[in-house]
Amino acid sequence: MALIHLSSPHVSKANSTANVMRLVLLATLPGILAMTVFFGWGTLIQIVLASVLALLFEAAVLKLRKRPVGFFLSDGSALVTAVLVAVAIPPFSAWWVTATGIFFAIVIAKQLYGGLGNNPFNPAMVAYALLLVSFPVEMTRWTAPITQNGEGWHVAGFLDTLQVIFGSVEQQWYDSFTGATPLDVLKHRAGLTTEELWRQSDVLVNGVAAWYAISAAWFMGGIFLLSRKIFTWHAPLSMLIALFLMASMFYGFDPDNYVSPIVHLGVGATMLGAFFIVTDPVSSATSNRGKIIYGALIGVMIYIIRTWGNYPDAVAFSVLLMNLCAPFIDQYTQPRTYGHKKANRGTKGKSQ
Amino acid sequence: MSQVFSFHGGIHPPENKKQSTRAPIGKAPLPQQLVLPMQQHIGGPADPLVSVGDSVLKGQLIAEPIGRISASVHAPTSGKVIDIAHYPVPHASGLSGECIVIEADGEDRWIEHEGIADYKAIERTELIEHIRASGISGMGGAGFPTDVKLHLSEDHIVNTLIINAAECEPYITADDMLMRERPHEIIGGIEVIAHLLRPSHILIGIEDNKTNAIHALEAAVKHCDLNIDIVVVPTKYPSGGERQLIKLLTDIEVPAGKIPADIGIVCQNVGTTSAVYRAVHKGEPLISRIVTVTGDAVRHPKNLEVLLGTPFRSLLEACDLRPEALSRLVMGGPMMGVTVDNDRIPVIKTTNCLIAATQQEMPPAPPAQACIRCGMCEQACPADLLPQQLYWFAKGREFDKARHHNLFDCIECGACAYVCPSNIPLVQYYRFAKSEIRTEEREQQKADHARERFEARQARLEREAAEKEAKRKARAAEAAKAQEARKAAAAKPKEEATEQATPDIKQLKTAAAVARTKLKKAQKAFDEAAAGNSEGLAELEQALNDARSKAEAAEKALEAGSPAPSEGGNAELKQLKVAAAVARTKLKKAQDALKNAEDKGLDGIDKLRATVETLENKADEAQKAFEAAQPAETAEKTEAPAKPEPAAEPALDAKALKQQVSIMRTKLKKAEAALEAAESDDERSALQADVDDLKKRFDEATEAFNKVEKAKMDAAAQAGIDLKQLRIDAAMAKAAITKGERALKKAEADDEREQIEQELVAAKAKSDELHKTLSQYD
């Protein structure tokens, strides 16, 4: 009788990395839907474009690296990266902006480091940071939400959007559909107090509700993933709490010059970052305790850069900075093993 | 009631327990052959007591334990031993082990056996010995000899006895069925164990998926007056892990590297309690156990009471195997069990389950994908490890980091691998890392051992060198002191010597000188006569002879006197030297004269020749005298003034002589070399003379040395010690030491080493003694 000789365990949970990625993609749907509702077709077109490019780049690099293309493409990680890049950049970004971003995310930030699981930085955030630094004009020309455009679903038409992405349009066209984001307005306040800004700015008066709605959609997706145990609560919650606490502290201290914590949580990429970026397991800290520290530090960094830095939003930079710190955090946040009096710290030393 | 705590992690794999609990425990058919591995437990394998051809009865002891941690093996049925050889055994390695094969005679005849009527009446040690003799080892999976655990109350305080009835692995229901059907056996066994360990509290930990078993146990416990709590714990794998169950029931963690007894807890499996009950109350040794035979490839999964040694095949047949559907045969549970590749492998004491799985049931693992550090393994780990980090470290061979992340606290439960979405065989990585580290450690130990040995040797050599050096210094210091003392004393003894010995010597010398002068004159005259070819040669010869005899007498007198002056000092020695030189010169002259005479073809040449010969002898004697005096001098220098050691003087003498011999040899060689190198004839002849002279001296020196050596031997013989024998003894002692040292290197066991060390020390002492004795004569 010929039987196989195998090492235990002999059963495993029906789960796969592809399944994890599929769930993440599923969880982005509410956010994508919200963005499409408020910003028009741009987001969807960007997602399609980014996905196609991501698969192409990934396949090409896998081919060059002589890896089984189908096996690695099917894990879905390239698609997740593509979606995250696509929702992070302005919906009307030109195709080459997207292409540059995806190329950098997939080829440089992911595959050149060894592919899935080996990248020290979150590929989507690397791409976003690169684009923001390289093309500041294109990257800050954000679409104005429909709530600023009067009654009805008044968005740029599908073909117009295609044209703005793949061709070119008059400057005037941009002016009618784009505008500053709430964070831009709150950043470049021209000497006005927060309260005055809230009364004057069109974005803050009419547009901020759209941003809140989009954040709520991302939050929903995040809660879904949390319920499916794709990630643990540690990193996102600690990030949100840290940001909230920082904002509350300064807002309570000086409400004229600082922005309310609700706004910090509700606008920009806070929710997207908390549930889809910070939770990226590859580039984040490992242990539960490590994730809490990692998330909290990102929250603090976001507040610092938003408030005193040069850029209106700060999720990408904060995440990248903390990606750098993650291995270090890991060294000092080993959990206490069963039967041990205390946890081991540092790289070596006597294990107990 | 007891509170239930929780442990970190854990998983909920499909239980698959229902299939095998529908039917009651059946009885496996008696197979034709039973294969009994000598190692069915943790510890040393048992040693066969029977030989091929022996008839055995059911329950007869067929192999006895070797060492403390070992278990005996009994014949599960009556029959004949047909083979004792290596057969495949149920082990993860797939290797084979020594087994006794019994051919069943079908009668199943029991050996005489009877239980202990009142186990509380006998000594505890006796009771434990009885359990040991029954071959009971843990039946949960690890197979640790039970009697060893029962001794724990002797050096540990056992507060809590935990009966492990969790049976957390999927598929397995052997303990469940045992509890359902034979709860009184379990309680009876617990009573025995409690009697031995005297715990204040007994907890039975059982998962909440075994409702029937819980009811049965509760009913049985009612009739028991022990403090037993049945603690129902939530179903979660691996709650049946010893450490996890302890945490669940007591909220105490067993410290890493310690055993539960260190915190006052002893764990026993329910199956073990039943075996203890049978051994104590019925006198039946452990020869059968309950095995769950399940899996989709058998049509009638159920539990069977199986004789140890029954091949898996007969169990599978008893449960109606579908051979075409079988793809994987697992012994144990699906999480930690081992696959077997052969259905002739026998049931042993730890075989609790046999899963005949189909391809759909246990599909081959899909190819592993990249680890995305999702952390699901971390959430599942019951030991609070970071499996994803351990995986990276094991993969990258960063074993130091893996250890720092407490790799060795991994219990290999497989929960991490179970949840891994990337299908990474994590447990294999950990096993690999562990074995690599163990290998490294072993090599490190070896290297350390070698280094220690080398250092010890180095230290010994240094010590010896230092001792030598110290001895040498002490000797030098002594010599210097002696010299100083002698110098200081030189004036006095010299005066004395001049008063006493010197006058004689002086006179003697003068006499010798006179004689010499006369001899010279006579020779001269003789020479002249010879030259002149005149008559009266005979007269001259007479005169020469006279002079010679006189000179001889004088020399003799001088020789007789020489030992005295040698004691006196250097001056006499010098004179002796001079005398020797003079004698030599004379000899040369005589030789020359002889040559002349020969040239001229005179008569009496023969006589002259004889004269020359005598002179030659004399010169030799003078030289000898001088040389004899010289070593004596040296001896005096080194030797402490009044030390009556028998062989000390000759010894030093011998040394000096030896040295001289070697010096002579060197000189001779040099001179010979020079001779060969010489070109002109004159030079050559001169050198030739030198060489001859040196040769002579060398011979003399050698002779003197030999003489002294002989004297030494004689002296030693006088002292009653055969020097040769002594030397042989010393050499033998040395050889014994070397042998001992070599044995020591090879010896591994501590007690063995101790013995060898003792022997070595004794041998060394003997050798030292011999050497000391020898050095007195050498």
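Residues numbered from 1 in each chain as written. Chains lettered and ligands numbered in written order. Predicted model: local features only at pLDDT ≥ 70, side-chain atom pairs only at ≥ 80, totals over all residues. Heavy atoms only, no water.

Engineer: Break down the overall build of chain B for me, with residues and values.
Structural biologist: Counting secondary structure elements, chain B contains 21 helices and 17 strands. Going through the 778 residues of chain B one by one, you find that 48% of them count as buried. Within chain B, contacts between residues at least 6 apart in sequence are counted, and of these 73% link residues at least 24 apart. Entry remark: accessible area of chain B is about 38600 Å², with carbon and sulfur atoms responsible for 51%. (Helix = DSSP H or I, 4+ residues; strand = E, 2+ residues; numbered from the N terminus. Buried < 20%, exposed > 50% of the residue type's maximum accessible area, 1.4 Å probe, protein only. Contact = heavy atoms within 4.5 Å. Areas by Shrake-Rupley, 256 points an atom, 1.4 Å probe, with all protein chains shown as cover.)

Engineer: Explain the confidence of the model for chain B to me, and be specific about the residues and the numbers.
Structural biologist: Per-residue confidence for chain B gives a mean pLDDT of 82; residues scoring 70 or more make up 80%. The model gives residues 633-651 of chain B a pLDDT under 50, and that stretch makes 20 contacts with residues more than four places away or in other chains. (pLDDT = per-residue confidence, 0-100.)

Engineer: Could you give an account of the interface of chain B and chain A, naming the residues involved and the relevant values?
Structural biologist: Tallying the contact residues gives 63 residues for chain B and 48 residues for chain A. Taking both partners together, chain B and chain A bury about 4800 Å²; carbon and sulfur atoms supply 52% of that area. Three residues stand out in chain B for area buried against chain A, namely Ile372, Arg373 and His404 of chain B, and they jointly supply 15% of the buried area on that side. Linking chain B with chain A are two salt bridges. When the shortest N-O distance is used, the salt bridge between Asp330 of chain A and Arg373 of chain B registers 3.3 Å. At the boundary of chain B with chain A, the tally comes to 30 residue pairs in polar contact (both at pLDDT 80 or more). Every element with two or more residues in the side of chain B that touches chain A is listed here: helix H6 (242-250), strand E15 (326-331), strand E16 (338-340), helix H9 (376-380), helix H10 (387-395), helix H11 (399-404), helix H12 (415-419) and helix H13 (426-532) of chain B. Considering every element that reaches the side of chain B that touches chain A, the biggest residue donor is E15 of chain B, with five residues. Among the residues forming the side of chain B that touches chain A, the class breakdown is 31 nonpolar, 18 polar and 14 charged. (Buried area = accessible area lost by both parts, 1.4 Å probe. Salt bridge = Lys/Arg side-chain N within 4 Å of Asp/Glu carboxyl O. Polar contact = N/O pair within 3.5 Å; in protein donor to acceptor, adjacent residues only side chain to side chain. Nonpolar A, V, L, I, M, F, W, Y, C, P; charged D, E, K, R; others polar.)

Engineer: Give a description of the pairing of strand E9 (residues 160-165) of chain B that names residues and reports values.
Structural biologist: Of all six residues that make up E9 of chain B, six are buried, and the element is covered over most of its length. By the alternation rule, side chains of E9 of chain B split into Thr160, Ile162 and Asn164 of chain B and Leu161, Ile163 and Ala165 of chain B, which are all buried.

Engineer: Please give an account of the packing of helix H3 (residues 174-181) of chain B against helix H7 (residues 270-282) of chain B that cites residues and values.
Structural biologist: When two helices pack together, their arrangement is captured by the angle between the axes and the distance separating the axes. Residue and element names in this part refer to chain B. Contact pair H3 / H7: the axes reach a minimum separation of 9 Å and the direction vectors enclose 50 degrees. As judged from the angle between their axes, H3 and H7 are oblique. Judged by residue contacts, Asp175, Leu178 and Met179 of H3 engage Val270, Gly271 and Ser274 from H7. Among the residues making up the contact of H3 with H7, the classes are represented as three nonpolar, two polar and one charged. (Axes fitted to C-alpha atoms, helices over the stretch in contact; angles between N-to-C directions. Parallel < 35°, antiparallel > 145°, perpendicular 65-115°, else oblique.)

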